[in-house]
Amino acid sequence: MICIDSHSHSTFSDGNNSINEMVEAARRKGLNIMALTDHFQCPIVDRIVGFEKALTINNLKKYLRVIEAAKVIRGVKVLKGLEVEYISKAEEEITEIVKKANIDFALGCVHTLKGLAVDYTEEEFKKNMLSHGSMKGFYIGYYEQLSSAIRSGIFDSVAHLDLIKIFNKENKYFDEKEEEYVNAVEGCLDTIKKKSVCVELNTSGFDKPVGVQYPSKWIIERCFTAGIDLTIGSDAHNTKSLGNHRVEAEKLLKDVGFSRIAYFENRKKKYEEVK
Ligand SMILES: [Zn+2]
Ligand SMILES: [Zn+2]
């Protein structure tokens, strides 16, 4: 059984449980390694929808101190992570903050494009699509922004790579097999490979409208072929979801051929075998 969860949230951002409660749940659920990765949003940018509760530079130190303290009491390896929203115009500032933050793990993500959320509500997803002129324009824009995030060199792993499919149950908005979509994903994977960044297997997708993990199996297969390592995360926002869907994840990893999962400690990549 996989005993790592490198993506979780606490009340320091939009999670429902305290860091101590999350760590206690990890212990109960048999996790050996967990990373808290609360949302972080760069201070020079106006608050975006869904990020009202994100960490800022003002409470970052306290957040890291609380994780450090939880590490001592519980006997689980608790890692200090951040899920950082990549914003092009704030790249320099984000780079500096992440470099100086003394964290274990920097998880990069794109939840917003043109000031609108990708994954907040389906209503807003549609608005975002319209603002891009078409679904094609929307997903190409999304993967371009994600590629810029990876090129920045700020991050260790990419969170929920194909988040853009969140409302795409039964190909409601696009077909993942269409040439332009495959090209957009592959362009992004090329950048990931070049920058030696990991891709996250995010199991929260199972509980989202699309009903399946991020990224899709064909993308995980391409990662395997390209020699891109995976990190794993439940993206839990409460104790109940922590470490969820590990059975499905393990089956998927074995099916594809992965025998190990990466995680980050002190920004260095380490591995655990998938047994
Ligand atoms: Zn996220
Ligand atoms: Zn998250």
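Report on the accompanying structure. Predicted, not measured: the structure shown is a model, and the values here were computed from it. (Residues numbered from 1 in each chain as written. Chains lettered and ligands numbered in written order. Predicted model: local features only at pLDDT ≥ 70, side-chain atom pairs only at ≥ 80, totals over all residues.)

1. Some words on the overall build of the protein
No. 1: Counting its regular elements, the protein contains eight helices and eleven strands.
No. 2: For 275 residues, the compact-globule formula gives about 19 Å, and the C-alpha radius of gyration of the protein, at 17 Å, lands near that figure.
No. 3: When the backbone C-alpha atoms are referred to their principal axes, the protein occupies close to 50 × 45 × 35 Å.
No. 4: A buried classification covers 45% of the 275 residues belonging to the protein.
No. 5: Long-range pairs, those at least 24 residues apart, make up 75% of the contacts in the protein with a sequence separation of at least 6. (Helix = DSSP H or I, 4+ residues; strand = E, 2+ residues; numbered from the N terminus. Rg over C-alpha atoms; globule rule 2.2 N^0.38 Å. Buried ≥ 20, exposed ≤ 12 C-beta atoms within 10 Å, placed from the backbone. Contact = placed C-beta atoms within 7 Å.)

2. Points about the pairing of strand β3 (residues 77–85)
Across a regular strand the side chains alternate sides, sitting on one face of the sheet and then on the other.
No. 1: Of all nine residues in β3, eight are buried; the element is thus mostly enclosed.
No. 2: In this sheet, β3 lies alongside strand β2 (residues 33–40) in parallel orientation, the contact comprising eight bridges. Considered in β3, the bridge of Leu36 is made with Lys80.
No. 3: Inspection of the sheet shows β3 paired to strand β4 (residues 105–109) by five bridges, in the parallel sense. Directly across from Glu85, in β4, lies its bridge partner Cys109.
No. 4: With helix α3 (residues 91–100) bridging β3 and its parallel neighbour β4, the resulting β-α-β unit is right-handed. (Pairing = 2+ DSSP bridges. Right-handed = clockwise from strand over helix to strand, strands pointing away.)

3. Here's the deal with the environment of Val199
No. 1: When you line up the elements, Val199 lands in strand β8 (residues 198–202).
No. 2: Residue class for Val199 comes out buried when judged on the 28 C-beta atoms lying within 10 Å of it.
No. 3: Sequence-wise, Val199 and Ile219 are 20 residues apart; in three dimensions their C-alpha atoms are separated by 9.8 Å.

4. Here we look at the sheet that holds β8
Hydrogen bonding along the main chain pairs the strands of a sheet, whether they run parallel or antiparallel.
No. 1: In space, the seven strands of this open sheet follow the order β1-β2-β3-β4-β7-β8-β9, with parallel pairing throughout. Lying at the two open borders of the sheet, with one neighbouring strand each, are β1 (4–5) and β9 (230–233).
No. 2: Taken together, the two bridges between strand β7 (residues 157–158) and β8 define a ladder with parallel strand orientation. Looking at β8, one finds that Ser157 is bridged to Cys198.

5. Focus on the packing of helix α5 (residues 135–151) against helix α6 (residues 179–194)
No. 1: It is the contact of α5 with α6, at a shortest axis distance of 9 Å, that shows an interaxial angle of 5°. On the basis of their axis angle, the class for α5 and α6 is roughly parallel. Residues Lys136, Tyr139, Ile140, Tyr143, Leu146, Ser147, Ile150 and Arg151 of α5 touch α6, and the partners they reach there are Glu180, Tyr181, Ala184, Val185, Gly187, Cys188, Thr191 and Ile192.
No. 2: In terms of residue class, the contact of α5 with α6 is made up of ten nonpolar, three polar and three charged. (Axes fitted to C-alpha atoms, helices over the stretch in contact; angles between N-to-C directions. Parallel < 35°, antiparallel > 145°, perpendicular 65-115°, else oblique. Nonpolar A, V, L, I, M, F, W, Y, C, P; charged D, E, K, R; others polar.)

6. What to know about unusual backbone geometry
No. 1: Look at the link from Tyr214 to Pro215: it is a cis peptide, with omega at -15°.
No. 2: Mapped onto the elements of the fold, Pro215 is located in the loop between β8 and α7 (217–226).
No. 3: Non-glycine residue His245 carries a positive phi angle of around 60°.
No. 4: Tracing the backbone shows His245 in the loop between β9 and α8 (246–256).
No. 5: For Arg267, which is not glycine, the phi torsion reads 65° and is therefore positive.
No. 6: By the element assignment, Arg267 lies in the loop between β10 (260–265) and β11 (268–273).
No. 7: Residue classification places Arg267 among the partly exposed residues on the basis of 13 C-beta atoms within 10 Å.

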